[in-house]
Amino acid sequence: MNLKNYLLIKFGGNFITKSFLLHSNFSTNRSMFHKITNLNHALNLFDEMSQRRPLPSVVLFNQLLTTVTKMKHFSTSLHLFNQMCSLGLPVSNYTMSIAIKCCCQLYRTKDGFALLGCCFRRAIAPNVYIFNALLDGLVLEDRILEAEMLFKKLIKQKLCEPDVVTYNTMIKGLCKFSNNVTALALLRLMEQKNCKPSIVTYGTIIDSLCKDKLMDDAFKLLNEMVYDKRILPDVITYTSLIRGLCNMGRWDEASKMLKEMEDENISPNVKTFTALVDAFCKEGKVKEAEAVINIMIERGEFPDIVTYNSLIDGYCLRGEMIKAREIFDSMTLRGLIPNVVTYNSLLNGYCKNLNIEKAMQMFREMAGKGLQPDVVTYNTMLQGLFQVGRCVDARKLFDEMHAQGQIPDQCTYGIVLEGLCNNRQVEDALSLFHLMGDSKLNSDIVVYNILIDGAGKYGRVNTARVLFQGLIDKGLQPNVRTYTVMISGFCQEGLLGEAKLLFLKMDESGCPPNDVTYCVLLQGYLKNQHYDDVVMLLQEMDDRGYTLDASTLSLLIDQIATGSLDWSMLKLFGKLVPKELLNDPSLCDWE
DNA sequence: ATAGGGTTAG
């Protein structure tokens, strides 16, 4: 079918007038491109345009390129760009900025810079739009240092005057790495340079502060925006703040914010509602989450895949797999296609319920639906397999992961090491660890914690000690867990002196012991009939406001009952026993 | 006449 008939059928005669088709220059308004709703329309139009002689102006091609790019068909855009070049069109700044944008959005910033080189060769002066696109690409690829370098270079070499978008992009990059301090410094810098911050500038930083749970700072910035700059918050700003409050369990304030935005005539959108759903689900409040979904539907906002995934994850975390499955089916009925995140939640749920067969079945089902398992999928399955002791299958899956081109991350590595340790394969865990050499994976305190714990548990306290020294030599900072597992290892071998020494070192090192550390040390003392320090430790716990866990408490009670410890110690217990344990019948039969 | 920036999931 030719273009003319196609357009006539699609849009009717009034839209495509004779003059439009006959006019050699396609002179028309831009609404023409707004009517293009799918890729095929655009491609047909491009073909039609490229066959006309003389060729339509590059502006028209640029408009078409923009349309395709806005549909996020970046590869197609680039393909069209190449064709434009082959046609000998005089590509402009505009064309170049779109092409560079496409490269960058495809995580091919390198090609974007290659196109910048083309600009110079073709004597097209790169402008702020082009540099902003490149900057955004670097940020997208987490190449924040290079982004900073480019930003500084723009200013120093006067390549272009940074505008509000340049600053916003740079601020986004900084916020991505929680560098709120520098982000705020940039905000001040732009004010100083007379570049007015926009709602995007403020919104970016406010969102980042909310993500870091710095709600006071977020509200401070909001006030500055509203009262100093006279910029009113929009639905995005409100959503960030509401999510921040919800994630901290500050529900009352969140609902106040919701009311405030309604008063300002700003309607919450899908993302706003989803923030509420997600926060409720993370707290296990799935009923409330479902209520939110009902409200949003009543108000004509429809839950999307993210909303459903949050709800499914909520049920999975509670182990309510039947309900999770129900939601999964109902979203499918609504025409939403489950994605890899959906599956990962379900896999996680089944694995946590130790229903590894069901998880395996769903895992295989993914491939049938054309879903490529990602690192999280493999991590979830590996953890599940190790948990039920299926180390051989875990190994097979790990190999499959490799074959599928999924690169294990720090999490994978931790799961494998922990899985091996828990299945009494500490040797294998250690050799894997040494095999990794001095990689980034081996400089993770979590990994050390796992191995020290594993070595300690299976009577290899020497190895644990070497690991502990090794991490310090590497310049890593032990955390409470590190100290605690090391102390636990010492206790297990009856090395109470060393345990105590390390315990005392914690406060000195600015890493005070927590309730777990105290319980571990107490258990070590009790099991080794070393009673000297017990009262002191209990007293310290009381001072620090810590409570005893069930197993330490029952050990203490046993020893009082057998007369190894003095009855007078009971006085201390009143404060040290958490309320929920006071009603525990298993602890009341010692009298 | 044509190009750019901030909010969602495991």
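Conventions used here
Residues numbered from 1 in each chain as written. Chains lettered and ligands numbered in written order. Predicted model: local features only at pLDDT ≥ 70, side-chain atom pairs only at ≥ 80, totals over all residues. Heavy atoms only, no water. UniProt positions renumbered as here; feature names shortened; annotations may be inferred. Helix = DSSP H or I, 4+ residues; strand = E, 2+ residues; numbered from the N terminus. Buried < 20%, exposed > 50% of the residue type's maximum accessible area, 1.4 Å probe, protein only. Contact = heavy atoms within 4.5 Å. Areas by Shrake-Rupley, 256 points an atom, 1.4 Å probe, with all protein chains shown as cover. Lys, Arg positive; Asp, Glu negative; His and termini not counted. Charge placed at Lys NZ, Arg CZ, Asp CG, Glu CD. pLDDT = per-residue confidence, 0-100. Expected span 1.5 Å × (residues − 1). Polar contact = N/O pair within 3.5 Å; in protein donor to acceptor, adjacent residues only side chain to side chain. Core = buried A, V, L, I, M, F, W, Y, C linked by side-chain atoms within 4.5 Å. Domains from an automatic or database assignment. Phe/Tyr/Trp six-rings, centres within 6.5 Å; stacked < 30°, edge-to-face > 60°. Near = heavy atom within 4 Å. Arc of directions from axis to C-beta. Axes fitted to C-alpha atoms, helices over the stretch in contact; angles between N-to-C directions. Parallel < 35°, antiparallel > 145°, perpendicular 65-115°, else oblique. Left-handed = near helix turned anticlockwise from the far one by under 90°. Nonpolar A, V, L, I, M, F, W, Y, C, P; charged D, E, K, R; others polar.

- Looking up chain A in an unreviewed UniProt entry gives the name Putative tetratricopeptide-like helical domain-containing protein, with the organism given as Helianthus annuus.
- Entered under Sequence similarities (unreviewed entry) in the UniProt record, the comment concerning chain A runs "Belongs to the PPR family. P subfamily."

## Regarding the overall build of chain A
Part 1 of the reasoning: Each helix and strand counted, chain A has 35 helices and zero strands in total.
Part 2 of the reasoning: Taking the principal axes of the C-alpha coordinates as reference, chain A spans close to 105 × 55 × 55 Å.
Part 3 of the reasoning: Looking at chain A as a whole, 45% of its 591 residues are labelled buried.
Part 4 of the reasoning: Taking the contacts inside chain A whose residues are at least 6 apart along the sequence as the reference set, 59% of them involve residues at least 24 apart.
Part 5 of the reasoning: By element, 54% of the accessible surface of chain A is carried by carbon and sulfur atoms, the whole surface being about 30,400 Å².
Part 6 of the reasoning: Between the centroid of the 63 positive side chains of chain A and the centroid of its 66 negative side chains there is a distance of 11 Å.

## Describing the confidence of the model for chain A
Part 1 of the reasoning: With 92% of its residues at a pLDDT of 70 or more, chain A shows a mean pLDDT of 89.
Part 2 of the reasoning: Low pLDDT, under 50, characterises residues 1–31; the stretch is placed with 32 contacts to residues that sit more than four places away or in other chains.

## Section: helix α15 (residues 235–247)
Part 1 of the reasoning: Between the first and last C-alpha of α15 there are 18 Å, a value that for 13 residues agrees with the 18 Å anticipated at 1.5 Å per step.
Part 2 of the reasoning: Along α15, the positions that sit buried rather than exposed are Thr 237, Tyr 238, Thr 239, Ser 240, Leu 241, Ile 242, Gly 244, Leu 245 and Cys 246.
Part 3 of the reasoning: Against the buried residues of α15 lie α13 (199–211), α14 (215–228), α16 (251–263) and α17 (270–282).
Part 4 of the reasoning: Between the side-chain oxygen at the start of α15 and the backbone nitrogen of Ile 236 there is a gap of 3.2 Å, and the oxygen is on Asp 234.

## Focus: the nonpolar core
Part 1 of the reasoning: Leu 346, Leu 451, Ile 452, Leu 538, Leu 548, Leu 556 and Phe 573 are the most contacted members of the largest nonpolar core, which totals 178 residues.
Part 2 of the reasoning: Of the residues that make up this core, three or more belong to each of domain 1 (163–266) and domain 2 (536–591).
Part 3 of the reasoning: In this structure, Leu 346 is in contact with Ile 312, Cys 316, Met 321, Ala 324, Arg 325, Phe 328 and Met 362, ignoring residues within four places of it in sequence.

## Here we look at the packing of aromatic side chains
Part 1 of the reasoning: Applying the stated rule across the entire model yields nine aromatic pairs.
Part 2 of the reasoning: Judged by centre distance (5.4 Å) and plane angle (80°), the rings of Phe 46 and Phe 61 are edge-to-face. Separated by 15 residues along the polypeptide, Phe 46 in helix α4 (residues 39–51) and Phe 61 in helix α5 (residues 58–70) bring together distant segments of the chain. Judged on exposure class, the residue Phe 46 and its partner Phe 61 are both buried.
Part 3 of the reasoning: Considering the side-chain rings of Phe 363 and Tyr 378, the 5.7 Å spacing of their centres and the 75° angle between planes classify their relative orientation as edge-to-face. A residue pair is termed long-range when its members are at least 10 positions apart, and Phe 363 in helix α22 (residues 356–368) and Tyr 378 in helix α23 (residues 375–387) qualify at 15 residues. Assigned by exposure class, Phe 363 and Tyr 378 land together as buried.

## Description of the protein's contact with DNA strand B
Part 1 of the reasoning: DNA strand B sits among 46 residues. The nearest are Asn 132, Asp 163, Asn 168, Ser 198 and Asn 344.
Part 2 of the reasoning: Counting only atoms of DNA strand B within 4 Å of the protein, the sugar-phosphate share comes to 37%.
Part 3 of the reasoning: Asn 62 has a polar side-chain atom sitting 2.5 Å from a base oxygen of DNA strand B.
Part 4 of the reasoning: A distance of 3.3 Å is found between a sugar or linking oxygen of DNA strand B and a side-chain nitrogen or oxygen belonging to Thr 204.
Part 5 of the reasoning: For the surface near DNA strand B, the leading source of residues is α13, giving six residues.

## Some remarks on the environment of Leu 548
Part 1 of the reasoning: Along the chain, Leu 548 turns up in the loop between α32 (534–544) and α33 (550–561).
Part 2 of the reasoning: According to the relative accessible area criterion, Leu 548 is buried, its value standing at 1%.
Part 3 of the reasoning: Separated by 390 residues in the primary sequence, Leu 548 and Lys 158 have C-alpha atoms spaced 64 Å apart.

## Here we look at helix α30 (residues 496–508)
Part 1 of the reasoning: In a regular helix each residue adds 1.5 Å, so 13 residues correspond to 18 Å; α30 covers 19 Å between its end C-alpha atoms and thus fits that length.
Part 2 of the reasoning: Of all the positions in α30, only Leu 496, Ala 499, Leu 502, Phe 503 and Met 506 are classed as buried. Down the axis of α30, the sector holding all buried residues measures 125°, keeping them to one side. In α30, the exposed positions angled more than 90 degrees off the buried face are occupied by Leu 501 and Glu 508.
Part 3 of the reasoning: Close packing links the buried residues of α30 with α28 (461–473), α29 (480–492), α31 (515–527) and α32.
Part 4 of the reasoning: Of the residues one or two after α30, Gly 510 is the one with positive phi, at around 75°.

## What to know about the packing of helix α7 (residues 93–105) against helix α8 (residues 109–121)
Part 1 of the reasoning: The contact between α7 and α8 brings their axes to 7 Å, and the two run at 160°. By the criterion of interaxial angle, the relationship of α7 to α8 is roughly antiparallel. Helix-helix and strand crossings are classified by hand; for α7 and α8 the assignment is right-handed. Residues Met 96, Ala 99, Ile 100, Cys 103 and Cys 104 of α7 form the contact with α8, whose participating residues are Thr 109, Asp 111, Gly 112, Leu 115, Leu 116, Cys 118 and Cys 119.
Part 2 of the reasoning: A per-class count over the contact of α7 with α8 returns nine nonpolar, two polar and one charged.

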